[in-house]
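Letter by letter, the chains look like this.
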There are 2 protein chains.
Amino acid sequence: APIAMPAIAQSAPAIKWRCTSSFPKSLDALYGSNEYFAKCVSEATDGKFVIETFSAGEIVPALQALDAVQSGTVEMCQTACYYYVGKDPTFALLTTSPFALNTRMMSAWMRFGGGQELATEFLKKFGVIPITAGNTTAQMGGWFRKEIKEVSDLNGLKFRIAGLAGRVMQKLGVVPQQIGGGDIYAALEKGTIDAAEWVGPYDDEKLGFQKVAPFYYYPGWWEGGAMLHNLINIQKFNELPKQYQAVLRDASAEANDWMIAKYDSLNPGALRRLIANGAQLRPFSQPIMEACYKASNEVYAETSAANPDFKKVWDSITAFRGDQYLWWQVAEYGFDTFMIRQRARGN
Amino acid sequence: APIAMPAIAQSAPAIKWRCTSSFPKSLDALYGSNEYFAKCVSEATDGKFVIETFSAGEIVPALQALDAVQSGTVEMCQTACYYYVGKDPTFALLTTSPFALNTRMMSAWMRFGGGQELATEFLKKFGVIPITAGNTTAQMGGWFRKEIKEVSDLNGLKFRIAGLAGRVMQKLGVVPQQIGGGDIYAALEKGTIDAAEWVGPYDDEKLGFQKVAPFYYYPGWWEGGAMLHNLINIQKFNELPKQYQAVLRDASAEANDWMIAKYDSLNPGALRRLIANGAQLRPFSQPIMEACYKASNEVYAETSAANPDFKKVWDSITAFRGDQYLWWQVAEYGFDTFMIRQRARGN
């Protein structure tokens, strides 16, 4: 017995980690999924592997989550890779990017289209390994003080939008603005900015944008399905028993499904209430969408020419995307199209 | 130490279960996800909780998986609840049914729309508890020897189709046929039947239907997203340490994501090859879809009037569905619509 004891203790040791999130507690689908993930990990290890979760700002600011993991300040973070485009534009492709993949396609690309391998290889440079941990689903195109009818209406527009999408819009004359979530409302109210994008109905509703910028555009072509990740310090991950590594993988999948289902279940009611409270739904016109698509392809070509990592990942995504939509337009889209029509007719 | 040892042993005991699947090994996305699930459970418990998987027929036939779990022959099964409509039509609603929910909506309904609670309550009568463990994604409408252009072309059609969809089609003159997967090809070749539905491109391709019934219709309006379940004997589940219960939940989610991504990644290539080998894609016409929708609502009304469990579950699904498509048609569908158009234009 004295010999067996340490072996048992080693196979399921008590471990305590800290996870910093890039999201505030108020985004309860995003941050809530991280708390749920930690609960799943604890339950699946009989309370032996405890991950303490911290919202943005409690340990480090939202956009320093990756750095905190890389430096070992915390063992892991819950974040969106595209927050780190300043380090390398390749990060954007691991979350979502203009006219890329929808939610299910992103998951399929990660698991069976080479995405996980490419992401793992790229993120090794930053000392972390990625595990898919959620998706916001397709986002909205944001809130505008005035209607945007022609491509020329984008010219000079001060739009709170970041990352690759901001660069795309610059090509059409937009002046991208960087403003924290808490300051958007006041900036729209004062007219310091003309428009702002956030997430989708459920998260947008909390900020009340419809009161100051009532035109609510769709689709958010720059975020067809934004994948969230748990990024884990490689060394810390490798030190874990294989059992705990498996628990992290499975609990991340449970949190992934939880977040997607949460958004899907909460967005419809929020959209209803937004419309009742003055939001005016508007689709981006076909010419605007096409101009943005063209500008996106220019940004992709320019970035690919300058950055071999970016090119490798983007080439993989576009090859996968073409095949995906070949099939998606048949059964999935055929089913949804009919159901949408029947609903519109009140059937 | 002699006192502490049993406590440690109890918290992570060695347990061996058997899981019978309703699917043959040849359906490697369906059956493969069950093997992957068992692997995840083993990995997350350091090899202490072992689930041995058996394909359809190895222990019991495909459609007796539930009975084998209920009777305690095996601890759990991987199956589609709609195989048990003979026991109670309510089973159909827990997998998919005509014009119900797409893949993501089904997941959202289960997690946050009351589905899991309703399924758990209903399945208690059969001694099992359900955990979501996969989805085939939207299926195809099947293979037809002749084109079906008018609603009247359905009259007298001998169609291999089962469950609620078979009852719906009977209202339009179809003669539903029950034939095992291995016998469909010969029946189509001889003309014993006129049409047959199976799953989608990846699974259909293996059976070579395009050679004998080349018209490949879509969408499979009776399976907008067929959810698979792990059904677990309630008593056996309750006897598990809470840790292992959590592991089953999380590994099922990992297998769920694996299966959906597997189908999404494999269907496009299969569709390409089927078309290259003679399959002729055809959409069901709008009048045919509408006639089927009307007939479905009649079947739903009749079944609801006769079966309070069915009514309760179906009312929950329809209420959820209305709200879902209100939102789906905006950002998700808007994004997909544009991407499909761009692809068609070769952009």
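Quick note: structure is the one above.
A quick note: this is a predicted structure, and the numbers were derived from the prediction, not measured. (Residues numbered from 1 in each chain as written. Chains lettered and ligands numbered in written order. Predicted model: local features only at pLDDT ≥ 70, side-chain atom pairs only at ≥ 80, totals over all residues. Heavy atoms only, no water.)

**Some remarks on the pairing of strand 2 (residues 49–54) of chain A**
Residues and elements named next belong to chain A.
Step number 1: Relative to strand 2, strand 1 (residues 15–21) runs parallel, the two sharing six bridges. In the sheet register, Thr20 faces strand 2, and the bridge partner there is Phe54.
Step number 2: In the classification by handedness, the crossover that spans strand 1, the intervening helix 2 (residues 30–44) and the parallel strand 2 is right-handed. (Pairing = 2+ DSSP bridges. Helix = DSSP H or I, 4+ residues; strand = E, 2+ residues; numbered from the N terminus. Right-handed = clockwise from strand over helix to strand, strands pointing away.)

**A look at unusual backbone geometry**
Residues and elements named next belong to chain A.
Step number 1: Looking along the chain, the bond that leaves Tyr218 and enters Pro219 is cis, with omega of -10°.
Step number 2: For Pro219, the location among the structural elements is in the loop between strand 9 (215–218) and strand 10 (227–233).
Step number 3: Its identity as a non-glycine residue notwithstanding, Phe99 has a phi of 55°, on the positive side.
Step number 4: For Phe99, the position within the fold is in the loop between helix 4 (90–93) and helix 5 (103–112).
Step number 5: The phi dihedral of Thr137 falls on the positive side, at around 65°, and the residue is not glycine.
Step number 6: Topologically, Thr137 is positioned in the loop between strand 4 (128–135) and strand 5 (142–144).

**Observations regarding the sheet that holds strand 4 of chain A**
Residues and elements named next belong to chain A.
Step number 1: Read from one edge to the other, the open sheet built from five strands follows the order 2-1-3-10-4, with strand pairing classed as mixed. Each of the sheet's edge strands pairs with one partner strand only, and the pair in question is strand 2 and strand 4. Going from strand to strand, the sheet's axes swing by 25° on average, the running direction of each strand aside.
Step number 2: Across three bridges, strand 1 lies against strand 3 (residues 76–79) in parallel orientation. If you follow Thr20 over to strand 3, its bridge partner there is Cys77.
Step number 3: Helix 5 contacts strand 4 and strand 10 of the sheet and is inclined by roughly 35° relative to strand 10.
Step number 4: Across the sheet, helix 11 (residues 242–276) touches strand 1, strand 2, strand 3, strand 4 and strand 10, and the angle it forms with strand 4 is around 30°. (Axes fitted to C-alpha atoms, helices over the stretch in contact; angles between N-to-C directions. Contact = heavy atoms within 4.5 Å.)

**Digging into the interface of chain A and chain B**
Step number 1: Each side of the interface is counted separately: chain A has 83 residues, and chain B has 83 residues.
Step number 2: Joining chain A to chain B, the criterion identifies 10 salt bridges.
Step number 3: Inspection of the chain A/chain B interface yields 33 residue pairs in polar contact (both at pLDDT 80 or more).
Step number 4: Sorting elements by how many residues they give to the side of chain A that touches chain B places helix 11 of chain A first, with 22 residues.
Step number 5: Across the side of chain A that touches chain B, the residue classes break down as 40 nonpolar, 22 polar and 21 charged. (Salt bridge = Lys/Arg side-chain N within 4 Å of Asp/Glu carboxyl O. Polar contact = N/O pair within 3.5 Å; in protein donor to acceptor, adjacent residues only side chain to side chain. Nonpolar A, V, L, I, M, F, W, Y, C, P; charged D, E, K, R; others polar.)

**Notes on helix 11 of chain A**
Residue and element names in this part refer to chain A.
Step number 1: Across its 35 residues, helix 11 extends 51 Å between first and last C-alpha, which sits within 8% of the 51 Å expected from 1.5 Å per residue.
Step number 2: Within helix 11, the axis deviates most sharply at Asn267, by approximately 30°, and proline Pro268 lies no more than four positions further along.
Step number 3: Helix 11 sits mainly inside the fold: 29 of its 35 residues count as buried. (Expected span 1.5 Å × (residues − 1). Bend = angle between axes of the 7 residues up to and from the residue. Buried < 20%, exposed > 50% of the residue type's maximum accessible area, 1.4 Å probe, protein only.)

**Points about the packing of aromatic side chains**
Step number 1: Applying the stated rule across the entire model yields 53 aromatic pairs over all chains.
Step number 2: Judged by centre distance (5.3 Å) and plane angle (40°), the rings of Phe99(A) and Phe338(B) are tilted. Note that Phe99(A) is positioned in the loop between helix 4 and helix 5 and Phe338(B) in helix 14 (residues 331–344), a pairing that runs across two chains.
Step number 3: Ring geometry for Phe159(A) and Trp222(A): centres 6.1 Å apart, planes at 80°, overall edge-to-face. A residue pair is termed long-range when its members are at least 10 positions apart, and Phe159(A) in strand 6 (residues 158–160) and Trp222(A) in the loop between strand 9 and strand 10 qualify at 63 residues.
Step number 4: Under the relative-accessibility criterion, Phe159(A) is labelled buried at 0%.
Step number 5: According to the relative accessible area criterion, Trp222(A) is buried, its value standing at 3%.
Step number 6: Here the aromatic cluster, defined as three or more aromatic residues joined through ring pairs, consists of Phe99(A), Phe144(A), Phe159(A), Tyr217(A), Trp221(A), Trp222(A), Phe284(A), Tyr293(A) and Phe338(B). (Phe/Tyr/Trp six-rings, centres within 6.5 Å; stacked < 30°, edge-to-face > 60°.)

**Focus on the environment of Tyr84(A)**
All names here are of chain A.
Step number 1: Positionally, Tyr84 belongs in the loop between strand 3 and helix 4.
Step number 2: Residues Tyr84 and Ala65 lie 19 residues apart in sequence; the distance between their C-alpha atoms is 9.7 Å.
Step number 3: For Tyr84, the contacting residues outside a window of four places in its chain are Ser22, Ala62, Leu63, Ala65, Leu66, Thr79 and Phe91.
Step number 4: One polar contact links the side chain of Tyr84 to the main-chain amide nitrogen of Leu66, over a distance of 3.3 Å.

**Topic: the sheet that holds strand 1 (residues 15–21) of chain B**
All names here are of chain B.
Step number 1: Ordered by their spatial adjacency, five strands build an open sheet running 2-1-3-10-4, and the pairing between neighbours is mixed. For this open sheet the edge positions go to strand 2 (49–54) and strand 4 (128–135), each flanked by a neighbour on one side alone. Across the sheet, the mean angle from the axis of one strand to that of its neighbour is 25°, orientation sign disregarded.
Step number 2: Bridge count between strand 3 (residues 76–79) and strand 10 (residues 227–233): four bridges; the pairing is antiparallel. If you follow Met76 over to strand 10, its bridge partner there is Ile232.
Step number 3: Most of the contacts of helix 2 (residues 30–44) go to strand 2, to which it runs at about 165°, and overall it touches strand 1, strand 2, strand 3, strand 4 and strand 10.
Step number 4: Across the sheet, helix 5 (residues 103–112) lies against strand 4 and strand 10, angled at about 35° from strand 10, the strand it touches most.

**Observations regarding the packing of helix 5 of chain B against helix 13 (residues 308–328) of chain B**
Residue and element names in this part refer to chain B.
Step number 1: It is at 10 Å that the axes of helix 5 and helix 13 come closest, and there the two elements cross at 125°. Considering their axes alone, helix 5 and helix 13 lie oblique with respect to each other. Here helix 5 runs over helix 13; the crossing is right-handed. Contacts between helix 5 and helix 13 involve Arg104, Met105, Ala108 and Trp109 from the former and Val313, Ser316, Ile317, Phe320, Gln324, Tyr325 and Trp328 from the latter.
Step number 2: Each residue belonging to the contact of helix 5 with helix 13 can be placed in one class, and the counts come to eight nonpolar, two polar and one charged. (Parallel < 35°, antiparallel > 145°, perpendicular 65-115°, else oblique. Left-handed = near helix turned anticlockwise from the far one by under 90°.)

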